[in-house]
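The primary structure of each chain is shown beneath.
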Amino acid sequence: MMSLAVHGWPARLGLDGAGLFQAVRLAAAALIAFSIAALLHVQNAYWAAMPVWVVAQSARGLLIERGIFRILGTLMGAGFGLAAVTFAGDPLLTLVVLGFWMAAGAGATRLIRGTASYAPLMAGMTAAVVVLPSLFAPDQSIALAMARVECTLIGVVVVTLVTGLFTPPARRADFLDGLDRLVGGVRDFAGLCRARAPEAEVAAAEHRLLAQMTRLDALTAPVTAGSVDGYRRRRQVDALLFACLDMMAAAETRRLGLDDGARPDAAEIRLEVARRRLAGEGAPPEATRLTSDRPTLGADRDWRGAWRMGAVAGGASFLAGAAGLATGWPAAELAALGVCIFSMVLGSMPLPQKVAPLMFLGVVSGVALATGYRLLVQPYLDGTAMLILTMAPIFLIGGLGRASTRTALPALDANMCFLLASQAGMPAAGASEILAGSAALILGAALVVGTCIALPRRPEGQAARVAALLRDDLRRLITGPATEAAAARHAARSTRGILRLMLHLGRAGGTAALPGRPLAVLVLARAVAMLAAHPEGRPGLAALAGFAQDPAGTARELEALSAAAADPDLGRSLLLAAAALKAGGRILGPVGKGVA
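Residues numbered from 1 in each chain as written. Predicted model: local features only at pLDDT ≥ 70, side-chain atom pairs only at ≥ 80, totals over all residues. Heavy atoms only, no water.

F34, W47, L132, M391, F395, L419 and L420 are the most contacted members of the largest nonpolar core, which totals 88 residues. Dropping the residues within four chain positions of it, M391 is found in contact with F34, Y373, F418, L419 and A424. Judged by nonpolar contacts, the second largest core, of 68 residues, contains F175, V202, L477 and I498. (Core = buried A, V, L, I, M, F, W, Y, C linked by side-chain atoms within 4.5 Å. Buried < 20%, exposed > 50% of the residue type's maximum accessible area, 1.4 Å probe, protein only. Contact = heavy atoms within 4.5 Å.)

Mapped onto the elements of the fold, T220 is located in helix α10 (residues 199–224). When the C-alpha positions of T220 and D238 are compared, they lie 8.7 Å apart, and in sequence the two are 18 residues distant. Not counting residues up to four positions away in its chain, the partners in contact with T220 are R113, F175, R234 and V237. (Helix = DSSP H or I, 4+ residues; strand = E, 2+ residues; numbered from the N terminus.)

Where charged atoms from two side chains of opposite charge approach closely, those side chains can pair. Across all of its chains, the model carries 13 salt bridges by this definition. A salt bridge links R255 to E252, with the shortest nitrogen-to-oxygen separation between them at 3.0 Å. Highlighted residues: R255 and E252, both in helix α11 (residues 228–255), separated by three residues, approximately one helical turn. Residues participating in the shared-partner salt-bridge network are E199, E206, E252, R255 and R517. (Salt bridge = Lys/Arg side-chain N within 4 Å of Asp/Glu carboxyl O.)

This brings us to the environment of A577. Within the fold, A577 resides in helix α25 (residues 568–584). The sequence separation of A577 and L531 amounts to 46 residues, and the corresponding C-alpha distance is 9.3 Å. In this view, A577 contacts L524, A527, L544 and L558; residues no more than four positions away in its chain are not counted.

With that out of the way, let us pick up the packing of helix α14 (residues 303–327) against helix α15 (residues 332–347). Close contact between α14 and α15 brings their axes to 8 Å; oriented N to C, the two are set at 175°. Our classification of the angle between α14 and α15 gives roughly antiparallel. In this structure, α14 contributes M309, A313, A316, S317, A320, G321, G324 and T327 to the contact, and α15 contributes A332, A336, V339, C340, S343, M344 and G347. For the contact of α14 with α15, the class distribution of residues is nine nonpolar, six polar and no charged. (Axes fitted to C-alpha atoms, helices over the stretch in contact; angles between N-to-C directions. Parallel < 35°, antiparallel > 145°, perpendicular 65-115°, else oblique. Nonpolar A, V, L, I, M, F, W, Y, C, P; charged D, E, K, R; others polar.)

With respect to the helices, strands and loops of the structure, N415 is situated in helix α18 (residues 408–422). Here G398 takes part through its backbone oxygen, which lies 3.3 Å from a polar atom of the side chain of N415. Excluding anything up to four places from it in sequence, N415 contacts W53, G398 and R402. (Polar contact = N/O pair within 3.5 Å; in protein donor to acceptor, adjacent residues only side chain to side chain.)

A few words on helix α3 (residues 17–39). In this model α3 runs 33 Å from its N-terminal to its C-terminal C-alpha over 23 residues, within 8% of the 33 Å that 1.5 Å per residue would give. Phi for H41, located one or two positions after α3, is positive at around 60°. (Expected span 1.5 Å × (residues − 1).)

For the coordinates displayed, the defined rule picks out five aromatic pairs. Ring centres of F34 and F395 lie 6.1 Å apart, and the angle between their planes is 65°; on these two criteria the pair is classed as edge-to-face. On the criterion of sequence distance, the pair formed by F34 in helix α3 and F395 in helix α17 (residues 384–403) is long-range, its members being 361 residues apart. Accessibility assignment for this pair places F34 and F395 in one class, buried. Judged by centre distance (5.9 Å) and plane angle (75°), the rings of Y373 and F418 are edge-to-face. You can see Y373 sitting in helix α16 (residues 352–376) and its partner F418 sitting in helix α18, a full 45 residues away along the chain. With a relative accessible area of 3%, F418 lands in the buried category. A network of ring pairs unites the aromatic residues F34, W53 and F395 as a single cluster. Residue placement shows R25 over the ring face of F21; its charged tip is 4.5 Å from the ring centre. (Phe/Tyr/Trp six-rings, centres within 6.5 Å; stacked < 30°, edge-to-face > 60°. Lys NZ or Arg CZ within 6 Å of the ring centre and 35° of its normal.)

Attention now goes to the confidence of the model for the protein. Put simply, the protein has an average pLDDT of 82, and 86% of its residues get 70 or more. Ranking the helices and strands of the protein by mean pLDDT puts α17 first, with 94, and helix α1 (residues 2–7) last, with 43. Within the model, pLDDT remains below 50 along residues 260–264, and this stretch shows two contacts once partners closer than five positions in the same chain are excluded. Every residue in residues 591–596 is under pLDDT 50, and counting partners more than four places away or in other chains gives 13 contacts. (pLDDT = per-residue confidence, 0-100.)

Once that is clear, we can look at α18. Across its 15 residues, α18 extends 21 Å between first and last C-alpha, which sits within 8% of the 21 Å expected from 1.5 Å per residue. The buried fraction of α18 amounts to twelve of the 15 residues, a majority that puts the element mostly inside the structure. Packed against the buried residues of α18 are α4 (50–55), α15, α16, α17 and α19 (431–454). Once α18 ends, the next one or two residues include Q423, with phi positive near 55°.

Here it is as C-alpha cells:
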C-alpha cells in the first residue's frame, strides 16, 4: 500500500500514505455528520458536513481550538441573526444591521491573533446564513438559526472524534529547537558587532535573523494551540523574540561606538532570562532588576487593514442583499449569500488576490458537481438510506481532494459549495430552479473574486504601509514626552512592526529589495531616549522632528551638532541617531529620499 501511495496514482494526485488515510478519515467524518443530521431530520442537514472540511487540521491542538471557535462563532452569529430579523423589522434596516455586523466580523479577523480569529469569521457568515433567507422567507428564520447551530455542533463533534485520535500533536520540540538556534544566531550577531565586522556582513546576518524570527513568530500560534500551557508558552515566545531584537539593537548600538562593552550587557541578560523561562529553568539572580516590567511583542493588530476589510465586507453584504430585494430574483438569496461568505473568507487572508483564482476554481467545480447531482440523482432518491449512500462517494472524492497537496485549497471551496448548492436532503426541485441557484452562487463568487483580482493588495504595498506606521510611531516618540514608559511602549510596537514588515517583504519574494535595515528603527529609538535624558539633548530632538521628510539632511544636521557638542555622551548620541538614519534607508524616509 505504501508503494502505491508513493509511486502509483496517489503520488500523481499529490497523496502519500498519510494523505490517503487522512482522506478516508475526512470522508468518514463528513458522511457520519451528514447521516446523523439527516436521520434526525435536521433542516438543511448538509450543513453538518461543512465543519469537517475546515475544522480538520494537521495538529491536534489546532483541531480542538478551531472546533471551539467555530462553535462560539456560530452561536454568536445565530444569536445576532435572530435578533436582527426579530427587532429590525424593515428589510433594508435589517440589511444595514447585517452590514455592520459583517464589517465588525471582517475587521476583527485582522485584529485577533491565531485561531481565535475564526470566531468572528464564523459569526459574520452565520449571521448572513440566518438573515438573508429570512428576508425571502421570514417564517423560516428561527428554524434556520436552530438548524445551523445543531448542524455545527454535530459536525464539530464528529470531526473531532473521528480525526482527533489520529491527528498528531504539534511538533513543539522542533519549534523549540528553532528558537534555540535563533538565540545562538543572535549571540553570533552580537559577536559580529563586537568584532566590528564589515557593514555588508552585519546587514546580511540581520536580514537572515529577522526572517528566521518572522517564521517562528508565524508558527507560534499553531504550535501552542489547544492547551493552557501552550498559551503560557506563547507569551514566553513573545518575550524571547522581543529580547532577541532588543539584544540585536543593543549590539548594533555598541558597534556604532556608543558603548565600550566594559560592563555586562543588560540586553544579553534579558535574552538569557527569556530563554531560561521558556525552557522552564530558573532566572539568574542578577536578572531581577533588569527584567521587571519589561515589555514583550506588541499586539499583532492591523487597524488599517481591519477598517478596509470591514468596509468592503459590510458594504458588499448590504449591496448584495439590497440588489436581491430590488430585483426580486428568486435565486438572489444564494448570490447575496455567496458575496457575504466569499468577501469574509478572502478578506481574512493576507494575500487574497493570490488565493482568489483557486477559490473560484473550487466554487465552479463544486457547483457543477452539485448541479449534476441535483439533476441526475436527487429526483430518484427514495428515503434517507439511499440519500446517504449517494453522498458517500462524493465525500470520498472530496476527502481525496482536500488531503492532496496539489488540490487542498480549491477542494475546500469545492466541498463547501457542493454542499451549499446541492441542498442534499431537501426535496427535489425543477431544472430551472436548480440552474438559477447554481448560477447565482457562481455569480456571487465571481463578483467578489473579480473585484479582488482587479484591486489587488500587493505585499510591497503592505510593507510600505508598515514602514509608514513605524515612522509615525517614531515621530510621536520624538515630538512627545520621551519618558521611559513611552520608550518601552514604542519598543514593543516597533518590534512587532519590524516582524510584520519582514513578513510582507518575504511574501514579496524575499528581502533582496529590502529598503534599508529594519534594526535601525530600534537603534534610532535608543538614540531618541538618550537625547531626551540628556540636559542638552533638546536641539538634537528638534533636528530629528523632520527625519521622515529628509533623512539625509537630518543625518547631516545631527553630525554637525555632534561635532559642536562639548559633552562626549551627547556627541555619541547624536552620531548614533545619524548612523541609524543612514542605515534605515527608505524604512525611515519616504521613497526616493532614503540615505544611501
